[in-house]
Amino acid sequence: MSGNKQEEDPRINGIKTKIRVVPDFPKKGIMFQDITTVLLDPKAFKDTIDLFVERYRDKNISVVAGIEARGFLFGPPIALAIGAKFVPLRKPKKLPGETIFEEYELEYGNDRLEMHVGAVEAGDRALVVDDLIATGGTLCAAINLLEGWGRSCGMCTRDRVTRIKGKAETQGEATMHACGVPMMILAEIFGLIIWLINFWLCTGNSDYADL
Amino acid sequence: MFAVENGLQGDPRLQAISDAIRVIPHFPKTGIMFQDITTLLLDPVAFKHVVDIFVERYKHMNISLVAGVEARGFIFGPPIALAIGKVISEEYELEYGNDRLEMSVEAVKSHERALVIDDLVATGGTLSASINLLERAGAEVVECACVVGLPKFKGHCKLKGKPLYVLVEPSQLEEGLTF
């Protein structure tokens, strides 16, 4: 669900127009959606944060988890505005303390997301932030990581996620639907590929434990 | 220059910030007492203190650009930039070499007044490289700002001629420590 099929907030178009497309990066055939140009426009950046803060401020969220590295640009301002903890989800070997990890698939091979032990606690209601969703692989790894401590996402299991394959333009959305996790996407570019900031609200089912 | 040397002596926010930073011994290698700011980020009050103190300092210094060094500078830079209404540019550390920083050429216009932000200053190497990058792009670096810094940066210490502003010292330093 993109959540914005009804009337679009006028700020969204301003944000969309600030995203720069870089052809053939990081490799040929990919039209890279560069959000750094949004950061160069204080109004567009502020509107982006405001839109998410407005959506989430009264939802009793205690943790905002940001995915390295562009999730670090958007997550902390949201966390600060809603009074939540900010938890960085990082590439391997960057976090200095004791960590847990979740592996996920890349086009060739695997990668891994890590989180500090103790960063989240039972009962935390978590929001996951990244700049962009394509296949949903990284975001699902983040959910699994957070979920591994018994928090929220009652319907999301690793098996269900990895079994989802689909067309590139809808894979991310399909993955998220299967996860049972709602998603807010700020902007759809070209109607084909789902881009920009995606937040998942894990609705905190304290009866579900996956320890 | 540390915050305590510049008008914030006795400010309780500084103690709260210092207390919220966790020390991890021998990371990434033996002898290093790593200053872990992730615990600061788990304390919304202390995290907000960091942003507030930097914003109070910089909002009237006519800063037009906040440059955040990857990756922990990305956490502190944007909230400051949002509060003072300025743009953010990012500087990336390459993973295969720890001595190289990149910046997008379009990010910086000539004559920008830039603030560089990172979580910690130890040798000053990363910040010096950041200053070089920004100056080559035509910006004027007004100051470098860090949450934590070694005591050697007290007084009017400069990096490549630019002032440095640090909130707190490390709470634990082993004798004979080298960074």
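Quick summary incoming for the structure in this document. (Residues numbered from 1 in each chain as written. Chains lettered and ligands numbered in written order. Predicted model: local features only at pLDDT ≥ 70, side-chain atom pairs only at ≥ 80, totals over all residues. Heavy atoms only, no water.)

Turning to helix α4 (residues 73–84) of chain B, a few remarks are in order. All names here are of chain B. Compared with an ideal rise of 1.5 Å per residue, which puts 12 residues at 16 Å, α4 spans 16 Å between its outermost C-alpha atoms and is within 8% of the ideal. Along α4, 10 of the 12 residues are buried, which leaves the element largely enclosed by surrounding structure. What α4 keeps buried is the set Gly 73, Phe 74, Ile 75, Phe 76, Gly 77, Pro 78, Pro 79, Ile 80, Ala 81 and Ile 84. A positive phi of about 75 degrees marks Gly 85, the residue just after α4. (Helix = DSSP H or I, 4+ residues; strand = E, 2+ residues; numbered from the N terminus. Expected span 1.5 Å × (residues − 1). Buried < 20%, exposed > 50% of the residue type's maximum accessible area, 1.4 Å probe, protein only.)

With that settled, the discussion passes to the packing of aromatic side chains. This model, assessed by the stated rule, comprises 8 aromatic pairs over all chains. Relative to A:Phe32, the ring of A:Phe25 has its centre 5.1 Å away and its plane inclined at 85 degrees; by these criteria the two rings are edge-to-face. According to the relative accessible area criterion, A:Phe32 is buried, its value standing at 16%. Relative to B:Tyr165, the ring of B:Phe54 lies with its centre 6.3 Å away and its plane at 70 degrees, an arrangement referred to as edge-to-face. With B:Phe54 in helix α3 (residues 44–58) and B:Tyr165 in strand β9 (residues 162–168), the pair connects residues that are 111 residues apart, well separated along the chain. Accessibility classification places B:Phe54 together with B:Tyr165 in one group, the buried group. Here the aromatic residues B:Phe54, B:Tyr58 and B:Tyr165 are joined through ring pairs into a cluster of three or more. If you follow A:Arg112 out to its NZ or CZ, it ends over the ring of A:Phe101, 3.6 Å from the centre. For B:Arg57, the ring lying beneath its charged end belongs to B:Tyr165, and the centroid distance is 4.2 Å. (Phe/Tyr/Trp six-rings, centres within 6.5 Å; stacked < 30°, edge-to-face > 60°. Lys NZ or Arg CZ within 6 Å of the ring centre and 35° of its normal.)

A word on the interface of chain B and chain A. Taken residue by residue, the interface counts 30 residues in chain B and 31 residues in chain A. Each partner contributes to the roughly 2500 Å² buried at the junction of chain B and chain A, and carbon and sulfur atoms together form 71% of this total. Ranking the residues of chain B by area buried against chain A places B:Leu42, B:Leu82 and B:Ile88 at the top, with a combined share of 21%. One can count 0 salt bridges joining chain B with chain A. For the interface between chain B and chain A, the tally reads 4 residue pairs in polar contact (both at pLDDT 80 or more). Taken together, the elements giving at least two residues each to the side of chain B that touches chain A come down to β1 (22–25), β2 (33–36), α2 (38–41), α3, α4 and β4 (87–93) of chain B. A per-element tally of the side of chain B that touches chain A places α4(B) first, with 5 residues. Residues belonging to the side of chain B that touches chain A are distributed by class as follows: 18 nonpolar, 3 polar and 9 charged. (Contact = heavy atoms within 4.5 Å. Buried area = accessible area lost by both parts, 1.4 Å probe. Salt bridge = Lys/Arg side-chain N within 4 Å of Asp/Glu carboxyl O. Polar contact = N/O pair within 3.5 Å; in protein donor to acceptor, adjacent residues only side chain to side chain. Nonpolar A, V, L, I, M, F, W, Y, C, P; charged D, E, K, R; others polar.)

This part is about the side chain of B:Glu112. Residue and element names in this part refer to chain B. Assignment of secondary structure puts Glu 112 in the loop between β5 (101–103) and β6 (113–121). Lys 109 is the oppositely charged side chain nearest to the buried, salt-bridge-free Glu 112, at an N-O distance of 4.2 Å. Polar side-chain contacts of Glu 112 include one of 3.3 Å to the backbone nitrogen of Lys 109. Here Glu 112 is in contact with Ser 64, Leu 65, Ala 107, Gly 138, Ala 139 and Glu 140, once residues within four sequence places are set aside. (Lys, Arg positive; Asp, Glu negative; His and termini not counted.)

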